[in-house]
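Below, each chain spelled out in residue letters.
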Amino acid sequence: MADVKITISKNGGYRVDGDVTLVDHEGNEVKVREGQRINLCRCGHSKNKPFCDATHNTVKWDNELAKRG
Ligand code: FES
């Protein structure tokens, strides 16, 4: 089993630690630097999706997590 940790930042994106394969909706691999932590956008405002580019700091967005069932 892969050793991957995904951390939901309080006011930012998803920090992914560990080796993962990132693919788009068609299954095409999105290149990530091997061995590097990646940050995925969860605010929807990044100009470099799917990666976080820190735009979340300059726009208004709801950073509340969805409530569990
Ligand atoms: S979460 Fe950082 S730009 Fe969207």
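Residues numbered from 1 in each chain as written. Predicted model: local features only at pLDDT ≥ 70, side-chain atom pairs only at ≥ 80, totals over all residues. Heavy atoms only, no water.

Q: I'd love a proper account of the environment of His-56, names of residues and values included.
A: Mapped onto the elements, His-56 comes out in the segment after strand 5 (38-40). Taking relative accessible area as the criterion, His-56 reaches 14% and is therefore assigned buried. Considering only alpha carbons, one finds His-56 and Thr-21, 35 residues apart in sequence, at a separation of 24 Å. Other than its neighbours up to four places away in sequence, His-56 contacts Asn-11, Gly-12, Cys-43 and Trp-61. (Helix = DSSP H or I, 4+ residues; strand = E, 2+ residues; numbered from the N terminus. Buried < 20%, exposed > 50% of the residue type's maximum accessible area, 1.4 Å probe, protein only. Contact = heavy atoms within 4.5 Å.)

Q: Would you mind going over the pattern of salt bridges in detail, with residue names and values included?
A: Applying the stated rule across the entire model yields two salt bridges. A salt bridge links Asp-17 to Arg-15; the nearest nitrogen and oxygen atoms lie 3.3 Å apart. Across the salt bridge formed by Arg-37 and Asp-17, the nearest N and O atoms sit 2.7 Å from each other. Placement of the pair is Arg-37 in the loop between strand 4 (29-30) and strand 5 and Asp-17 in strand 2 (residues 14-17), with a sequence separation of 20 residues. What makes Arg-37 partly exposed here is its relative accessible area of 48%. In this structure, a network of salt bridges that share partners links the residues Arg-15, Asp-17 and Arg-37. (Salt bridge = Lys/Arg side-chain N within 4 Å of Asp/Glu carboxyl O.)

Q: Can you explain the sheet that holds strand 2? Please cite residues and give values.
A: Spatially, 1-2-5 is the arrangement adopted by the three strands of the open sheet, whose pairing is antiparallel. Either end of the sheet is taken by a strand with one partner, and the two such strands are strand 1 (5-8) and strand 5. In this sheet, neighbouring strand axes are inclined to one another by 25° on average, regardless of whether the strands run parallel or antiparallel. Of the pairings in the sheet, the one linking strand 2 to strand 5 comprises three bridges and is antiparallel in character. Among the inter-strand pairings, Val-16 is bridged to a residue of strand 5, identified as Ile-38. (Pairing = 2+ DSSP bridges. Axes fitted to C-alpha atoms, helices over the stretch in contact; angles between N-to-C directions.)

Q: Any chance you could break down the layout of surface pockets for me, citing the residues and the numbers?
A: A water-sized probe rolled over the atoms picks out the places where empty space is left. What the largest pocket holds in volume is close to 150 Å³. Taken together, Gly-18, Asp-19, Val-20, Thr-21, Glu-29, Val-32, Arg-33, Glu-34, Gly-35, Gln-36 and Ile-38 form the lining of the largest pocket. Taken together, the residues of the lining of the largest pocket break down into three nonpolar, four polar and four charged. (1 Å grid on protein atoms, 1.4 Å probe; cavity = no way out; pocket = protein on both sides within 12 Å on 5 of 7 lines; lining within 4 Å. Points joined across faces, edges and corners; volume = space filled by probe spheres on them. Nonpolar A, V, L, I, M, F, W, Y, C, P; charged D, E, K, R; others polar.)

Q: Which residues make up the side chain of Ser-46, and what are the values?
A: Among the secondary structure elements, Ser-46 is positioned in the segment after strand 5. Residue Ser-46 is classed as buried on the basis of its relative accessible area of 4%. Polar side-chain contacts of Ser-46 include one of 2.5 Å to the backbone oxygen of Phe-51. If we ignore the near neighbours within four places in the chain, the residues touching Ser-46 are Cys-41, Phe-51, Cys-52, Asp-53 and Thr-55. (Polar contact = N/O pair within 3.5 Å; in protein donor to acceptor, adjacent residues only side chain to side chain.)

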